[in-house]
Amino acid sequence: MADIDPMVMSIKAAVCVALDQATVLRCEIAIAEVLANIVRHAKPQTAEALFDLVVTKGHDAVVIEIFDPDGADPFDPRDHASDPVTIDPLAEGGRGLGLILACADTVAYGPVHGRNRLVLTFFKARKEPTEPQQADCTAIRRRFVKKDTISSWLLAIALAGSGLSWATPAVTQDNTTTTRAISINGVAVDGLANDRMTTAPGEALTILASEPDAEACVPGARSPTGAHFGRSGALTAREFEMAKTAWSYFETFYQPETGLVNAVGNFPSTTLWDTASYISALVAAFELCVIDKRELDDRATRILRTLRNLPLYRGEAPNKVYHAATAEMVNYANQPGEIGMSANDIGRLLVWLRILKERHPHLANSVDNVPMRWNFCNLINDDGRMFGSFTQADGATRYVQEGRLGYEEYAAKGFALWGFDVDRAMSPEPLEYAYIYDIRVPYDGRDPRVFKSQNYVLTEGYILDGLELGWDLPTDHANDNMVASNGWRAEFANRIYLVQERRFERTGIITARSEHQVEGSPYFVYDSIFADGYPWNTLDPTGEYQPDRAAVSAKAAIGLWALWDTPYTDLLFETVADLSVPDRGFYEGLYENGNGFIPLQTANNNGVILAALLYKVQGPILQHVNQNTQVWDTAFAGTDIRANKCHPNPAIEEITCCACASRTAVRPVIPVEEFLYCRPVIAGGDVAATACSTQEHRLAPLQAREVVAQSCPAPEASQ
């Protein structure tokens, strides 16, 4: 009980700037009574239990949400409250619940995401009653003017068109001269159900028909989804604070003229990969109620305008690097120059542009106009491989195949989401395996000595695929979050997780490896699980071994925590969850050798952390829900512009062969016997995955039942 007063004072300090003095006092009394009741009467499942308290300062009111500890029995104060006026002044108790109802302007109670939630609203401009009142909850005396009986048909008229929905509402009212409250059962506001909402106004009940205010936002409730791999549920108060901290990076290092964000701290430079991470943060911050729609739209329209008008490398597609403040093409030293194109970076940006227009159809037109300017002819070749480019010393452009196992397939999905044929890039071949702690770890089979490109095995490409796409194929629009239609990606991701857990079990070294920035030379390392023939090989971009730069990557740790609900990922979470600065975001990570945290904050790190927190609440972030006609599909009709820029043409559809009986069975690239940790699901020519685990499943694959196809219909006669 001794902790209640400091908590009440903290809440009072948070709301006093938004409310008048009298309302602050009412708020203080109500909160003190609520907290005291939780301490005295809540019956959680454990001896030490946490409750969550969220304060939202909206346009017209302050809303305080109190979530009971996990396992606490439901307790609606409105069902047990006594009118404080009727209680013996000498009685030691019994006033608390009545005070809560008397002091708050509205009270709502009901379950949200499996927990009991009490919502108290305090309006900023509270109208005085039209009749004289001695009414003041601070004196435990409050009277309410008599109201005539409100019939259900009148309430129904008031609700019509208001944005409120109700199921068989029951209106209850005390018809004595001191009516205390009016309650409406079964009310849902902005899609969120409440058992009952009660108002105790000083004048007639008013229901306003308006857009929901910010206080109606429940983190993750804007786009709810069903079950998914890994962790699932509402953010805790601590996790919500993490989301706000990660977003602070994008506030501090924002460039309002361009709408871009610095990739690394104060250095005003960025890439398309880091810009995609910023869009990731923007989408997640809105869904998690860190920002409102006004800020989402302002930031989104600014950055889309800049992306739409970027100067392009050789007039083809975006340069690898841009000045964040001016959007000019620059080199890695942030000096003017064209240095080439990155297919991997463009692919990641295409993933997030697709997510943005799926979740926010009002932005789809602006989104589509970004890639419509680009020429894809040199980015994707005829056999479905991705190519980047660089400027040679003589100024000529050289195009080179780009991407290795892990990142290549993820980036290729970005192109495939926009209709490009990148099947070769999405295939894991050529493929090799390395046994590390008895885990068969996959790596790219292309020899770095021949192809001049390292085959790093890193965590990030696999967790991005899981968090954003659910390890699904780009053509899978089923939104089934418990089956990964790109099955081998889920299987390999489980191995990437498991080998890092095994390293910790065998050596005690907490492990979550990915590429990351470092302070000072070499500035950047590939902190690999396997590379160049060696496990746990930390290399700089020149290939030099940098063992002192190995670290627990914050983005990798939180990403693994979101996708795998295990004691080990709990440990990863605790390792990095508090490595942050409130107005600058999370540090890159924690050095394995004990040299402390990496004293840098980046857009990619904080963007991935926000995406991981959103995944916990909603599951895979790409949800195919926008059924509108897309400008990307209709633009340049009747011209040869699409062909000249090598854009896909949705107006042309390849007709499949009708001779189904004579089809040739094609063996999957990753056969079903390779699925050790995810159970394969066989359907058609693809192998999906489900029931992924850190233990070998040893189960037979799920086999889809084959049926005889109908004969091909005759083409319709032309009119």
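Counting its regular elements, the chain contains 19 helices and 32 strands. Relative to its full complement of 719 residues, the chain shows a buried share of 52%. The contacts in the chain between residues at least 6 apart in sequence include a share of 66% that link residues at least 24 apart. For the chain, the exposed surface amounts to about 33000 Å²; the carbon and sulfur share of it is 52%.

Further remarks concern the pattern of salt bridges. The tally for this structure, following the rule as stated, stands at 33 salt bridges. A salt bridge links R385 to D383; the nearest nitrogen and oxygen atoms lie 3.1 Å apart. Residue classification places R385 among the partly exposed positions, given a relative accessible area of 26%. Overall, the relative accessible area of 34% leaves D383 in the partly exposed class.

Moving on, we get to the nonpolar core. Within soluble globular proteins, side chains that are nonpolar generally end up buried alongside one another. Of all hydrophobic cores here, the largest spans 140 residues; its most connected members are W247, F250, W352, W374, F415, V422 and L610. Take this core: its biggest share by element is 11 residues, from helix α6 (residues 272–287). By size, the runner-up hydrophobic cluster in this structure holds 23 residues, among which are I29, A30, L97 and L101.

Further remarks concern the environment of L613. Assignment of secondary structure puts L613 in helix α17 (residues 603–618). Expressed as a C-alpha distance, the spacing of L613 and A562, which sit 51 residues apart in the sequence, is 7.0 Å. Excluding residues that lie within four positions of it along the chain, L613 makes contacts with L235, E239, M242, A243, L288 and W561.

Across a sheet, paired strands are connected by hydrogen bonds in the backbone, their directions being either parallel or antiparallel. In space, the three strands of this open sheet follow the order β15-β16-β17, with antiparallel pairing throughout. Unpaired on one side and paired on the other, β15 (340–341) and β17 (397–401) mark the two borders of the sheet. The pairing of β15 with strand β16 (residues 387–391) spans two bridges and is antiparallel. Following the sheet pairing, M341 is matched in β16 by S389.

Right, let's talk about the packing of helix α5 (residues 237–252) against α17 for a bit. Close contact between α5 and α17 brings their axes to 9 Å; oriented N to C, the two are set at 150 degrees. Accordingly, the angle class assigned to the pair α5 and α17 is roughly antiparallel. Considering only the axes of α5 and α17, their crossing is left-handed. From α5, E239, M242, A243, A246, W247, Y249 and F250 reach across to α17, where they touch A603, N606, G607, I609, L610, L613 and K616. Taken together, the residues that form the contact of α5 with α17 break down as 10 nonpolar, two polar and two charged.

Turning our eyes to something else, we now look at the side chain of R446. Looking at where R446 falls in the secondary structure, it is placed in the loop between β19 (439–444) and α12 (448–451). With a relative accessible area of 13%, R446 lands in the buried category. A polar atom in the side chain of R446 sits 3.5 Å from the backbone oxygen of G403. A distance of 2.8 Å separates polar atoms of two side chains, one belonging to R446 and the other to E408.

Glancing now at the sheet that holds strand β21 (residues 515–517). Sheet architecture is open: three strands sit in the order β21-β22-β25, paired in antiparallel fashion. Each edge of the open sheet is held by one strand with a lone partner, namely β21 and β25 (538–539). Inspection of the sheet shows β21 paired to strand β22 (residues 524–527) by three bridges, in the antiparallel sense. When the sheet's bridge partners are listed, H516 is paired in β22 with V525.

So, about the confidence of the model for the chain. Model confidence for the chain is summarised by a mean pLDDT of 81, while 74% of its residues fall at 70 or above. In this model residues 139–184 is a low-confidence stretch, pLDDT under 50, and it forms 97 contacts with partners more than four residues away in sequence or in other chains.

Below, the discussion takes up unusual backbone geometry. Cis geometry is adopted by the peptide bond preceding P430, which originates at E429 and carries an omega value of -5 degrees. In this fold, P430 is placed in the loop between α11 (423–426) and β18 (431–436). Omega for the peptide link from S521 to P522 comes to 10 degrees, which places this bond in the cis form. As for its placement among the helices and strands, P522 is situated in the loop between β21 and β22.

The buried fraction of helix α10 (residues 407–416) amounts to 10 of the 10 residues, a majority that puts the element mostly inside the structure. Along α10, the positions that sit buried rather than exposed are Y407, E408, E409, Y410, A411, A412, K413, G414, F415 and A416.

Along β22, the buried face is formed by V525 and D527; none of F524 and Y526, which line the opposite face, is buried. Between β21 and the antiparallel strand that follows it, β22, lie six residues; G520 among them carries a positive phi value of about 75 degrees.

Bringing α6 into the picture now. Because an α-helix completes one turn every 3.6 residues, residues spaced three or four positions apart along the sequence face the same direction. Taking 1.5 Å of rise per residue, 16 residues should cover 22 Å, and α6 covers 23 Å from first to last C-alpha, within 8% of that figure. Buried residues dominate α6, accounting for 16 of its 16 residues. After α6 finishes, the residue C289 shows a positive phi value of roughly 70 degrees.

The rules we used
- Residues numbered from 1 in each chain as written.
- Predicted model: local features only at pLDDT ≥ 70, side-chain atom pairs only at ≥ 80, totals over all residues.
- Heavy atoms only, no water.
- Helix = DSSP H or I, 4+ residues; strand = E, 2+ residues; numbered from the N terminus.
- Buried < 20%, exposed > 50% of the residue type's maximum accessible area, 1.4 Å probe, protein only.
- Contact = heavy atoms within 4.5 Å.
- Areas by Shrake-Rupley, 256 points an atom, 1.4 Å probe, with all protein chains shown as cover.
- Salt bridge = Lys/Arg side-chain N within 4 Å of Asp/Glu carboxyl O.
- Core = buried A, V, L, I, M, F, W, Y, C linked by side-chain atoms within 4.5 Å.
- Pairing = 2+ DSSP bridges.
- Axes fitted to C-alpha atoms, helices over the stretch in contact; angles between N-to-C directions.
- Parallel < 35°, antiparallel > 145°, perpendicular 65-115°, else oblique.
- Left-handed = near helix turned anticlockwise from the far one by under 90°.
- Nonpolar A, V, L, I, M, F, W, Y, C, P; charged D, E, K, R; others polar.
- Polar contact = N/O pair within 3.5 Å; in protein donor to acceptor, adjacent residues only side chain to side chain.
- pLDDT = per-residue confidence, 0-100.
- Expected span 1.5 Å × (residues − 1).

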